[in-house]
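Examining the three-dimensional arrangement
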Amino acid sequence: MTVKKIVSTCVYCGAGCQILFTVDDKANRIIDAEGAPGHSNDGTLCLKGRYGWDFLNDPQILTKRLTGPLVRRNGRSSPLEPAGWDEAVALVGDRLAQIKKESGPDSILCTGSARGPGNEANYVMQKFARACLGTNNVDHCARVCHAASVAGLLVSLGSGAMSLSVPEIEDAEVILNIGYNGPDSHPIVARRIVRARQKGCYVICADPRRTETARISQKHLQLKGGSNLALANSLANVIISEKLHDPDFVREHTKGFEELRTLVEKYSPERTAGITGLDPGEVRETARIYASSKHSVILWGMGVCQFSQGVEVVKGLANLGLLTGNFGRPSTGVGPVRGQNNVQGACDMGALPNYYPGYQSVSDPASREKFEKAWGVSLPDKPGLTLTRVPEFVLHPPDPGKKIRAYWIFGEDPAQSDAHLAEMRETLRKLDFVVVQDIYMNKTARFADVILPSTSWGEHEGVYSACDRAFQRVRKLVEPPAGVLTDWEIISRVSTHMGYPMKYKNAEEIWNELVGLCPSFYGATYEKLEKLGHVQWPCRSRDMSDAGTPYLHKNGLFATKDGLGVFSASEWRPPVEVENEEYPLTLSTVREVGHYSVRTMTGNCRTLRNLEDEPGWVQMNPALCESLQVGRGELVRVASARGWCLSRCLPTDRVRADAVYMTYQWWIGACNELTVGSLDPVSNTPEYKYCACRVEKIDDQAGAAKHVADEYQRLRLEMLVDPKGVGAGARGGLAA
Ligand SMILES: Nc1nc2c(c(=O)[nH]1)N[C@H]1C(S)=C(S)[C@@H](COP(=O)(O)OP(=O)(O)OC[C@H]3O[C@@H](n4cnc5c(=O)[nH]c(N)nc54)[C@H](O)[C@@H]3O)O[C@H]1N2
Ligand SMILES: Nc1nc2c(c(=O)[nH]1)N[C@H]1C(S)=C(S)[C@@H](COP(=O)(O)OP(=O)(O)OC[C@H]3O[C@@H](n4cnc5c(=O)[nH]c(N)nc54)[C@H](O)[C@@H]3O)O[C@H]1N2
Ligand code: SF4
Ligand SMILES: [Mo]
């Protein structure tokens, strides 16, 4: 046995932990993983870092690794059949060229991927969309995630990223943790919150559930779901009315104070108590504690962003930092903690409809000219479409000429992770051409006309961006299956076939091209990444000792055009779909620690699969369980105006009696059958955290259990071992 040791970056969450892998070279297998001393993890790992690589061994527990292209040769109802790369590339290139010719470049939308592929492949995909197709229709899962943080903070502070670094969290004096459940979603970031607490930090947790962070915090504001902006405005009200703000900072570094002051006048905690359900005294005390320190940090996640009012809440939280001068030093500021391992990176690379790589706007003539020159084409100046509007632009386009006809879905699984799945399936059926580029069969791939299989994390080189703007290398650990190509090579081949040649030799060559075009990434060379381990953007100099910028907005100089932070004043509004007689409960959807998003990867890791399996759980307050006469483990039917699914009852006093919680990782217990497609008007993020539902008791438990088992088997057969060809007839026949 030849054993080699290789350090790489974790492929799951945005904490960006560094892992030391032991690889049996001869057997081409990883045999062990342990924490390496990375800047965010400091030698520690969570269970996914430790055990989450088994999917590379393709144990075929849930799905099957894709090992060669699959195409439908005779239209919709024909099966997916194996094809060679030349045939698959030509088919994709020719169909896209035809659709572009018939309906224009804006009838096609491509996605980036925040998962395994890395920054280089995202750069190549957005370059393909813009330079080869001629459209800014490129977007990725940040849309359903932290898009509200990006849009809101760009207005307030001029930069959408975390203003501080992960290690700085532990030296904060006050942490306001709102709508963020680190212990499940970023365990190694949560560890810094625990350390901060041990060092004397005052931790406040605002969450309708008593999460682990709530449990270790000094104050838990167990607010009603959907009331975030009422709380944020009340905190501003107390800070201003009790004169706790920093008048010098406000005068020198901000604008818009008067408008904010006028708006929040009516938001006293006493007056918002009916909306938030919070004790006014507790809210007043929170404001006083937050304003008492110059090392106050606000951390937030999906409990802020996944609302139809996400952007305004983000701005409302930025207001608090601006009022109290909590910016521009270490261990202070705002932390929208980015979710996926490389969602920061996919944004950095311009897999967004309004930005080129490096947050250079497509509507800015100077930026456009620069990229036109570099890529040798003329580029569109109109921002593209966001991916959450694809259903609208397929099923009922605002005008018939603006229809989306082709969707190239790269490393995402909208048929599992998007809201309102029935509508998503209808959309996928109605599209003229669907390309799925993935490492696994997933729910979306069943609707594809062409499936392009790629190398996985662990099988290719590249760079990821962690949640705190840290570029770090990912390295090849094992050889890929024969028959797959790297993501960037697949896209390059299609581009070349369509007459816009892209011929890169390796990931480093792509990296060098892109850092050369992005001043804020210019200093992050491969050589420096190798030597320093990480480089945090902005990093403008190639001086080997410059590791970039750990915290932003130094000396209160914001990244806005005039350098000033901007107060925003918005009124609270309720969520779009509220409880009613037929659906009397709130449904909110969250995460669980052992499984990751659509579960193609963790569901194929033996240790993690053993932690939890179908159909997942619905978290219910014991009082609700009693009124419905359901007990722990009992199968229940959860329904909304859009659909239903089965789940198991999990009685827990950690949730309020007016809301139930499900996680979105399950196929059978698929909560996105229920969620609502209402979007924030600015970020276009869906309201995954709030819709109306009801929970029904099932008398025939054996029948329900059989339904779960049969459906699970049917889906797995369809994706795994169907001898007649994978996904045969899926687009025509499948209902679920
Ligand atoms: N109800 C509900 N739904 C939600 C959410 C919620 O809170 N509630 N959260 C939303 C959020 S925040 C997010 S980010 C999304 C995530 O949703 P998705 O982005 O759809 O899910 P992921 O599991 O991250 O993986 C996407 C796909 O990438 C593939 N993949 C992994 N590595 C590679 C690679 O190297 N190359 C290629 N080509 N493919 C690869 C995986 O196999 C998988 O099929 O879900 C959203 N959905
Ligand atoms: N194990 C695991 N880790 C993951 C993922 C995974 O799927 N599995 N996904 C990754 C991704 S893509 C992301 S984006 C991150 C997300 O990580 P988090 O941002 O932590 O996401 P969630 O658990 O969806 O939601 C956070 C909290 O919001 C609360 N919440 C719900 N409604 C409200 C409200 O009205 N107000 C407030 N204040 N809070 C509310 C919920 O109770 C929940 O505790 O996790 C990443 N890490
Ligand atoms: S905290 Fe996130 S990055 Fe770190 S080991 Fe766990 S899943 Fe991986
Ligand atoms: Mo996310």
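Going by the structure above, here's the rest.
Throughout what follows, the structure given in this document is the object of discussion. (Residues numbered from 1 in each chain as written. Chains lettered and ligands numbered in written order. Predicted model: local features only at pLDDT ≥ 70, side-chain atom pairs only at ≥ 80, totals over all residues. Heavy atoms only, no water.)

Let's talk about the nonpolar core
- One finds Val92, Leu96, Tyr123, Phe128, Trp408, Leu452 and Trp511 to be the most contacted residues of the largest nonpolar core, which totals 60 residues.
- It is helix α3 (residues 119–133) that provides the largest number of residues to this core, a total of nine residues.
- Not counting the four nearest positions on each side in its chain, valine 92 is found in contact with Trp408, Phe433, Val435, Val450, Leu452 and Val494.
- Judged by nonpolar contacts, the second largest core, of 49 residues, contains Val174, Leu221, Leu235 and Met302. (Core = buried A, V, L, I, M, F, W, Y, C linked by side-chain atoms within 4.5 Å. Buried < 20%, exposed > 50% of the residue type's maximum accessible area, 1.4 Å probe, protein only. Helix = DSSP H or I, 4+ residues; strand = E, 2+ residues; numbered from the N terminus. Contact = heavy atoms within 4.5 Å.)

A look at a nonpolar patch on the surface
- A cluster of nonpolar side chains, contributed by Met1, Val3 and Ile31, occupies part of the molecular surface with about 310 Å² of accessible area.
- Within the secondary structure, isoleucine 31 is located in strand β3 (residues 29–35). (Patch = residues over 30% accessible without salt bridge, like charges linked within 9 Å, V, L, I, M, F, W, Y side chains within 5 Å. Areas by Shrake-Rupley, 256 points an atom, 1.4 Å probe, with all protein chains shown as cover. Salt bridge = Lys/Arg side-chain N within 4 Å of Asp/Glu carboxyl O.)

Section: the packing of aromatic side chains
- Evaluated as defined, the whole model comprises 19 aromatic pairs.
- Pairing phenylalanine 55 with tryptophan 457 gives two aromatic rings, centres 6.1 Å apart and planes at 35°, and the pair type is tilted. One end of the pair, phenylalanine 55, is in the loop between α1 (47–51) and β4 (70–72); the other, tryptophan 457, is in the loop between β18 (450–453) and β19 (462–465), with 402 residues separating them in the sequence.
- On the numbers, 5.6 Å between centres and 40° between planes, the contact of tyrosine 359 with tryptophan 537 is tilted. With tyrosine 359 in the loop between β14 (355–356) and β15 (360–361) and tryptophan 537 in the loop between β21 (535–536) and β22 (565–566), this residue pair connects regions lying 178 residues apart in the sequence. (Phe/Tyr/Trp six-rings, centres within 6.5 Å; stacked < 30°, edge-to-face > 60°.)

A word on the site of ligand 2
- Taken together, 36 residues form the shell around ligand 2, and within it Ser185, Asp207, Gly226, Arg591 and His595 come nearest.
- Separating a nitrogen atom of ligand 2 from a backbone N or O atom of aspartate 184 is a distance of 3.3 Å.
- Take glycine 303: an N or O atom from its main chain is 3.5 Å from an oxygen atom of ligand 2.
- If ligand 2 stood free it would expose 920 Å²; the protein chains cover 99% of that surface.
- Every element with two or more residues in the shell around ligand 2 is listed here: α5 (182–185), α13 (302–305) and β23 (585–590).
- For the shell around ligand 2, the class distribution of residues is 14 nonpolar, 15 polar and seven charged. (Near = heavy atom within 4 Å. Polar contact = N/O pair within 3.5 Å; in protein donor to acceptor, adjacent residues only side chain to side chain. Nonpolar A, V, L, I, M, F, W, Y, C, P; charged D, E, K, R; others polar.)

Remarks on the environment of arginine 197
- Positionally, arginine 197 belongs in helix α6 (residues 187–198).
- A C-alpha to C-alpha distance of 29 Å links arginine 197 and threonine 272, two positions 75 residues apart in sequence.
- Residues in contact with arginine 197, not counting those within four places in the same chain, are Val203, Ile216, Ser217 and Gln218.
- For arginine 197, the side chain forms a polar contact with the main-chain oxygen of isoleucine 216, separated by 2.7 Å.
- A distance of 3.4 Å separates a polar atom in the side chain of arginine 197 from a polar atom in the side chain of glutamine 218.

What to know about the site of ligand 1
- For ligand 1, the set of nearby residues contains 35 residues, the closest of which are Asp413, Ser417, Asp438, Thr600 and Asn672.
- Taking aspartate 487, its side chain carries an N or O atom lying 2.8 Å from a nitrogen atom of ligand 1.
- Between threonine 589 and ligand 1, the recorded distance is 2.9 Å, taken from a side-chain N or O atom to a nitrogen atom.
- Here ligand 1 loses 99% of its free accessible area of 920 Å² to cover by the protein chains.

A word on the sheet that holds strand β13 (residues 333–336)
- Sheet architecture is open: five strands sit in the order β10-β9-β8-β12-β13, paired in parallel fashion. Strands at the two margins of the open sheet, each flanked by one partner only, are β10 (219–221) and β13. Taken pair by pair, the neighbouring strands of this sheet meet at an average axis angle of 15°, ignoring direction.
- Direction of pairing for strand β12 (residues 296–300) relative to β13: parallel, over a ladder of four bridges. Across the sheet, residue tryptophan 300 finds its bridge partner in β13, namely proline 336.
- Against the sheet, helix α12 (residues 280–291) contacts β8 (174–178), β9 (202–206), β10 and β12, and its axis sits at roughly 125° relative to β10. (Pairing = 2+ DSSP bridges. Axes fitted to C-alpha atoms, helices over the stretch in contact; angles between N-to-C directions.)

Details of the pattern of salt bridges
- Across all of its chains, the model carries 55 salt bridges by this definition.
- Among the salt bridges present, the one from aspartate 248 reaches arginine 251, with a minimum N-O distance of 2.9 Å. With aspartate 248 and arginine 251 both in helix α9 (residues 247–253) and three residues apart, the pair spans about one turn of that helix.
- With relative accessibility at 43%, the residue aspartate 248 sits in the partly exposed group.
- Taking relative accessible area as the criterion, arginine 251 reaches 56% and is therefore assigned exposed.
- Where glutamate 711 meets arginine 714, a salt bridge forms, and the shortest distance between an N and an O atom there is 3.0 Å. Taken as a pair, glutamate 711 and arginine 714 lie in helix α25 (residues 701–721) at a separation of three residues, close to a single helical turn.
- Residue arginine 714 is classed as partly exposed on the basis of its relative accessible area of 29%.
- Here the residues in one salt-bridge network are Glu170, Asp171, Arg192, Arg195 and Lys199, joined through shared partners.

Concerning the sheet that holds β3
- Ordered by their spatial adjacency, three strands build an open sheet running β1-β2-β3, and the pairing between neighbours is antiparallel. In the strand order of this sheet, the two ends are held by β1 (3–9) and β3, each with one partner. Taking the axes of each pair of neighbouring strands and ignoring which way they run, one obtains an average angle of 30° across the sheet.

Notes on the side chain of serine 520
- Relative to the elements of secondary structure, serine 520 occurs in the loop between α21 (507–517) and α22 (526–532).
- In contact with serine 520, other than residues within four places in its own chain, are Gly358, Trp537, Pro538, Cys539 and Arg540.

Structural notes on the pairing of strand β17 (residues 433–438)
- The buried fraction of β17 is high, at six of six residues.
- Burial along β17 is two-sided: the face carrying Phe433, Val435 and Gln437 and the face carrying Val434, Val436 and Asp438 are both buried.
- As defined by bridge partners, strand β16 (residues 406–410) adjoins β17 across five bridges and the pair is classed as parallel. When the bridges of β17 are listed, isoleucine 409 appears paired with valine 436.
- As defined by bridge partners, β17 adjoins β18 across four bridges and the pair is classed as parallel. By the bridge assignment, aspartate 438 is partnered in β18 with proline 453.

That is the geometry; function is a separate question.
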